[in-house]
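Coordinates in review
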Amino acid sequence: MTTRSPATGPATPPATVTVTWAGANARRLARQHLHPEATATATATASPFAGPDDAVAAMLGAHAQVLSAAELSVGLRGDGLTRTDVRTALWTDRTLVKTFGPRGTVHLLPAADLPLWTGALSAVPTGPNPFPENARMTPDQVEAVVAAVGDALAGAELTIDELSDEVVARTGPWAGDLVMPGFRAMWPRWRQVLHLAGHRGALAYAPNRGRKATYTNPGCTPLPGAGALPALIERYLHAYGPATPAHFARWLAAPKRWAAEQFAAQAASGAIEEVTFGEDGPAWVVAGDTDFPDAPVRGVRLLPYFDAFAIASGPRERLFPGAAWERALGGGQAGNFPTLLVDGVVAGVWHQRRSGRRIAVTVEPLKPLSAARLRELEEQVERVAAIMEGTAELTVGSVTVGPHA
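Note that the coordinates shown come from a computational prediction; the quantities given were computed from them, not determined experimentally. (Residues numbered from 1 in each chain as written. Predicted model: local features only at pLDDT ≥ 70, side-chain atom pairs only at ≥ 80, totals over all residues. Heavy atoms only, no water.)

Looking at the layout of surface pockets
Taken as a whole, the largest pocket holds about 1,500 Å³ of empty space. Considering the residues around the largest pocket, the lining is formed by 44 residues, among which Gly104, Gln192, Leu194, His195 and Leu196 are closest to the centre. Where the lining of the largest pocket is concerned, the elements lending two or more residues are strand E4 (96–100), helix H6 (114–122), helix H7 (139–153), helix H9 (194–199), strand E9 (204–209) and strand E10 (212–216). In terms of residues, the lining of the largest pocket owes the most to one element, H9, which gives four residues. Classifying every residue of the lining of the largest pocket by side-chain character gives 26 nonpolar, eleven polar and seven charged. (1 Å grid on protein atoms, 1.4 Å probe; cavity = no way out; pocket = protein on both sides within 12 Å on 5 of 7 lines; lining within 4 Å. Points joined across faces, edges and corners; volume = space filled by probe spheres on them. Helix = DSSP H or I, 4+ residues; strand = E, 2+ residues; numbered from the N terminus. Nonpolar A, V, L, I, M, F, W, Y, C, P; charged D, E, K, R; others polar.)

Now the structure itself:
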């Protein structure tokens, strides 16, 4: 619900908008087409997303460390989208790009927005160097490696080992020193800036070669940070507002003070405005974007690992209330568990096991579900099966409900 304090005359300060948690949560879900009762006013887009790239744009990137989870995230926000549609958009139509996104983690991003994303991510200040002294790189070495990565991948698709050989050949033996702790091995020094090359637009994923990932140069020229950062803040607030600079900083893995400075600059320019976010105090929305639904969310939803909504929505203690904080949040890290949403908040976890076309879905609600909620859950499982192009069998707790085509 949105309320405004009454104006008493020309000397009265601007009216204060108060946004409830229920209203904010409903609008966030609606704008990503996750709200079953969304209206055109709430969603700001009356028609379904035209394709996977539009769905990815609405959620501000799909976490793709586990590609099947990203495919499900995208499919849940579309109308009849399947994992094949996502793969076609990524590897054939190239309307999606798999690269390093927020927090330096692998994401699917819209190809059309890549200049904005790389411009903004390149402008985010880095924190303290986490690596031991003998593993670090000088600023000049960082620039040399990023340039070498971009040159080596121009018009090519290379595995990580092939890329490593090219980088060392183009920079020097120091880049290949095995000083980086990796998975069961030590990695060459240059690997610590792999994600930075993605943020600079010099690197993105190409189709796998067998079981090996490959990389290419997407040919992207980042927008200047001075323009890209304000645009990203506005998109973030459109999708997840009201939000604070601290929320934005956590989502982006950026320094809190820097985020506060960016919000202050945007407020001074009139691009964003402050609202009162229920009991949580001051927060921000895009200027003029102060219409929120009156009715809370109703319904059941299943979200996969590292779904953008679960990661970016705040405050987390409201999205993960009570026992959900420990069971589904893992002590503070969102995304480690696929989540069951009931009436817009996390109310359990779920997991799946695939064998051929059969997908065994087990849901663990924190509280017993009513008969109506169980029917909604069955519909959600059917939708998951359709997106993942399989046949699902639902188990709630220890009770098998049955197969779903």
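Anyway, onward from the coordinates.
Describing the nonpolar core
Leu163, Trp190, Leu203, Leu237, Phe248, Trp251 and Leu252 are the most contacted members of the largest nonpolar core, which totals 72 residues. Ranked by residue count, the leading element in this core is helix H10 (residues 225–240), at eight residues. Those residues in contact with Phe248 that lie beyond four places of it in its chain are Ile233, Tyr236, Trp258, Ala259 and Phe263. In terms of nonpolar packing, the next biggest core, distinct from the first, is built from 47 residues, Val17, Val19, Trp350 and Ala385 among them. (Core = buried A, V, L, I, M, F, W, Y, C linked by side-chain atoms within 4.5 Å. Buried < 20%, exposed > 50% of the residue type's maximum accessible area, 1.4 Å probe, protein only. Contact = heavy atoms within 4.5 Å.)

Notes on the pattern of salt bridges
Overall, the coordinates contain 18 salt bridges when judged by the stated rule. Here Asp113 makes a salt bridge to Arg235, at a shortest N to O gap of 2.9 Å. Note that Asp113 is positioned in the loop between strand E5 (106–110) and H6 and Arg235 in helix H10, a separation of 122 residues in sequence. Judged by its relative accessible area of 14%, Asp113 is buried. Linking Glu364 and Arg327 is a salt bridge whose minimum nitrogen-to-oxygen distance equals 2.9 Å. Highlighted residues: Glu364 in strand E16 (residues 358–365) and Arg327 in helix H15 (residues 324–329), separated in sequence by 37 residues. Looking at Arg327, the relative accessible area reads 32%, which means it is partly exposed. One network of salt bridges, with partners in common, ties together Arg298, Asp343, Arg373 and Glu376. (Salt bridge = Lys/Arg side-chain N within 4 Å of Asp/Glu carboxyl O.)

Brief notes about the sheet that holds strand E6 (residues 158–159)
Pairing within the open sheet is antiparallel, and its three strands lie in the order E6-E10-E9. Looking along the sheet, the strands with just one partner apiece sit at the ends: E6 and E9. Inspection of the sheet shows E9 paired to E10 by four bridges, in the antiparallel sense. Each bridged residue has a counterpart across the sheet, and for Tyr205 the counterpart in E10 is Tyr215. (Pairing = 2+ DSSP bridges.)

Brief notes about the packing of helix H4 (residues 67–76) against helix H16 (residues 371–387)
Each pair of packed helices can be summarised by the angle the axes make with each other and by the distance between the axes. Where H4 meets H16, the closest approach of the two axes is 10 Å, and the angle between their N-to-C directions is 120°. Regarding the angle of H4 to H16, the classification is oblique. Helix-helix and strand crossings are classified by hand; for H4 and H16 the assignment is right-handed. On the side of H4, the interface is formed by Glu71, Leu72, Gly75 and Leu76, while H16 contributes Gln380, Arg383, Val384 and Ile387. Within the contact of H4 with H16, the residues separate by chemical class into four nonpolar, two polar and two charged. (Axes fitted to C-alpha atoms, helices over the stretch in contact; angles between N-to-C directions. Parallel < 35°, antiparallel > 145°, perpendicular 65-115°, else oblique. Left-handed = near helix turned anticlockwise from the far one by under 90°.)

Observations concerning the pairing of strand E11 (residues 272–277)
In the sheet, strand E2 (residues 17–19) pairs with E11 via two bridges, with the strands oriented parallel. Looking at the pairing, Thr18 lines up with Thr276 of E11. In textbook terms, the turn of a hairpin is the stretch between consecutive antiparallel strands, and for E11 and strand E12 (residues 282–286) this stretch comprises four residues, one of which, Gly278, has a positive phi near 50°.

Thoughts on empty space enclosed by the protein
Across all of its chains, the model carries two cavities of 30 Å³ or more by this definition. Of the residues forming the lining of the largest cavity, the biggest block, three residues, is contributed by helix H13 (residues 308–312). Each residue belonging to the lining of the largest cavity can be placed in one class, and the counts come to nine nonpolar, three polar and two charged. One number sums up the size of the second largest cavity: a volume of about 40 Å³. Lining the second largest cavity are ten residues, with Leu34, Val297, Gly299, Arg301 and Gly344 positioned closest to its centre. For the lining of the second largest cavity, the residue count by class is six nonpolar, two polar and two charged.

Describing the packing of aromatic side chains
For the structure shown, the criterion picks out nine aromatic pairs. Pairing Phe100 with Tyr205 gives two aromatic rings, centres 6.0 Å apart and planes at 40°, and the pair type is tilted. Within this pair, whereas Phe100 is found in strand E4, its partner Tyr205 is found in strand E9, the two being separated by 105 residues in sequence. Considered together, Phe100 and Tyr205 belong to a single accessibility category, that of buried residues. Taking the centre distance of 5.7 Å and the plane angle of 75° together, the rings of Phe183 and Trp187 count as edge-to-face. With a relative accessible area of 73%, Phe183 lands in the exposed category. Ring pairing ties together the aromatic residues Trp117, Tyr236, Tyr240, Phe248, Trp251 and Phe263, which thus form one cluster. Above the plane of the ring of Phe292 lies Arg27, whose end atom (NZ or CZ) is 3.7 Å from the centre. The lysine or arginine in question, Arg327, covers the ring of Phe337, its NZ or CZ lying 5.4 Å from the ring centre. (Phe/Tyr/Trp six-rings, centres within 6.5 Å; stacked < 30°, edge-to-face > 60°. Lys NZ or Arg CZ within 6 Å of the ring centre and 35° of its normal.)

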